[in-house]
Amino acid sequence: MTSEAEAGVVTDLIEAFRRSKTMFTAVRLGIFDQLEGGPQSAEQLAAGLGLNAAALSRLLNGCVALKLLARDGGNYRNTATAARFLASSSEDTLAGYIRYSDESLYKLWDHLDDAVREGSNRWTQAFGSRASLFDHYFRDETSTRSFLAGMHGFGQLASERIVQMFDLSRFHHLADLGGATGHLAIAACRAYPNLRSTVLDLPNVEAFAREHISRSDAAKRVTFLAADFFSQDLPAADLFALGRILHDWDDAKIDVLLTKIVARLPAGGGLLITETVVNEDRSGPVYSLMQDLNMLVCTDGRERTETEYAALLRAAGFATIDFRRTGSLVDAILAIKG
C-alpha cells in the first residue's frame, strides 16, 4: 500500500463526520421533503424554508456530490435514493432515524472520551438529565413519534429477511416484545399465513403502533398490548421476538427477561432475536463494533458474540440455539426451549 493510500484511510475517517452531518442537516431543514414536490432552485428553496440562498446552495452542492441530489441547470431534485430513504413521506424513510442520530447520538458521541474514561453512558453529560434513553425519547408526543419513526425505518430494512432466516411455519402466535410499530410482526404474518402476532410495548407507543399496523395488509392478525415486559405479565405465545432489545441491557437485566420468557413458553417454543453479532475475536464487523461504542455512550448494554449470547440463552433454559448471519446490519438468532 502506498503512503498516499495509507494516509487515505485516515483522511477518509477525518472527513466521515462531514458527510453524515451534511445529510443530517439537509434532512433537518426539510430539503428532501420540499423537493418531493418537484425540482427547485436554491433561491426557491431558500424562500420556502427561510434559509440563506448562498449558504444553502453550498449545502445543496454537497448533497449533489454525495449523490443525494441531482442538479439540472439551476434546479435541484431528489435522487431515487433520497426519495426513498430521506423524504418523510416515503414508506421506507430513514428520516426519523437520521433525526434521532443528529439530535441525540451526535451529542452523546461528542463525549466518547469520557465514556471510555468512566465506563458509563453520557446522558447526564450531554443533556443535563439522568433520564434513560427511553425516558428521553418518550418525553412528549413529538419526541415519541420521531423516535418511533426512526426505529420503524431502520427496522424495516431487515425485518422481512429476519423472519425468513428460519422456518417459523410451525409457530402459531408471535409475541414481539418492545416491537414498536410492529414492523417485525407484520413481516412475520406476511411470510407465514397461519401466524398471528401480538406487539407488546409501552403505553405511549400504542397510538403510533396502531397507525402502522392498521395500514398493513396483516392488520387483522396483528394486535397491540400496552405493557412493560420487565414488570408485567407476558402474553401466551409459542414464539417470542426481541428485536434490538438485548443490546440495551447488562447481563443481569437480560437474565431476568430471558428467564421470564422461558417460563412463559411451552416446550419447543422459540425466541427470535435480532441483533448485530460481533466476531468471536472482536475483529469486526466494523458496523457491529461501532454499534458497540454507540451502546457505550447511550445505554448500559453492549454488542455481543455468538458465545456470549449462547451462554445467556442456555443459562435461561434454552436448549437449541441457531445463529444466522444475514448480510445486513443485524443478524438473527433462534433459540428453542427444551
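Residues numbered from 1 in each chain as written. Predicted model: local features only at pLDDT ≥ 70, side-chain atom pairs only at ≥ 80, totals over all residues. Heavy atoms only, no water.

Draft legend 1. Examining helix H1 (residues 3–28) more closely. Its 26 residues place the ends of H1 38 Å apart at the C-alpha level, agreeing with the 38 Å of an ideal helix rising 1.5 Å per residue. Among all positions of H1, only Phe 24, Ala 26 and Val 27 are buried. Residues of H1 that are buried in the fold lie against helix H2 (31–35), helix H4 (53–65) and helix H6 (95–109). At the exit of H1 stands Gly 30, carrying a positive phi of roughly 80°. (Helix = DSSP H or I, 4+ residues; strand = E, 2+ residues; numbered from the N terminus. Expected span 1.5 Å × (residues − 1). Buried < 20%, exposed > 50% of the residue type's maximum accessible area, 1.4 Å probe, protein only. Contact = heavy atoms within 4.5 Å.)

Draft legend 2. Structural context of the sheet that holds strand E3 (residues 75–78). One open sheet accounts for three strands, arranged E1-E3-E2; its pairing is antiparallel. Bordering the open sheet on either side are strand E1 (40–41) and strand E2 (69–72), each of which pairs with just one other strand. For E1 and E3, the ladder comprises two bridges, and the chain directions are antiparallel. Each bridged residue has a counterpart across the sheet, and for Ser 41 the counterpart in E3 is Asn 75. Across the face of the sheet, H4 comes into contact with E2 and E3 while running at roughly 110° to E2. (Pairing = 2+ DSSP bridges. Axes fitted to C-alpha atoms, helices over the stretch in contact; angles between N-to-C directions.)

Draft legend 3. Broad picture of the environment of Arg 18. Within the element layout of this structure, Arg 18 appears in helix H1. Considering only alpha carbons, one finds Arg 18 and Gly 62, 44 residues apart in sequence, at a separation of 9.9 Å.

Draft legend 4. Region of interest: the sheet that holds strand E12 (residues 331–337). If you trace the seven strands from one edge of the open sheet to the other, you get E6-E5-E4-E7-E8-E12-E11, paired in mixed fashion. This sheet does not close on itself; its edge strands, each paired only once, are strand E6 (222–226) and strand E11 (318–324). Looking at each pair of strands side by side, their axes are set apart by 20° on average, direction ignored. Relative to strand E5 (residues 196–201), strand E4 (residues 173–177) is paired through five bridges, and the arrangement is parallel. From the neighbouring strand, Leu 174 faces E5, where its bridge partner is Ser 197. Helix-sheet contacts for helix H12 (residues 206–215) involve E5 and E6, and the interaxial angle to E6 is about 180°.

Draft legend 5. Local environment of the packing of aromatic side chains. Using the criterion set out here, one finds four aromatic pairs in the structure. Ring centres 5.1 Å apart and planes at 50° place the aromatic pair Phe 229 and Phe 230 in the tilted group. The class of Phe 229 is buried, set by a relative accessible area of 11%. Site record: aromatic cluster; members linked through ring pairs are Phe 229, Phe 230 and Trp 249. The ring of Tyr 106 is capped by Lys 21, whose NZ or CZ atom sits 4.5 Å from the centre of that ring. Here Lys 253 stacks its cationic end above the ring of Phe 230, 4.6 Å away from the centre of that ring. (Phe/Tyr/Trp six-rings, centres within 6.5 Å; stacked < 30°, edge-to-face > 60°. Lys NZ or Arg CZ within 6 Å of the ring centre and 35° of its normal.)

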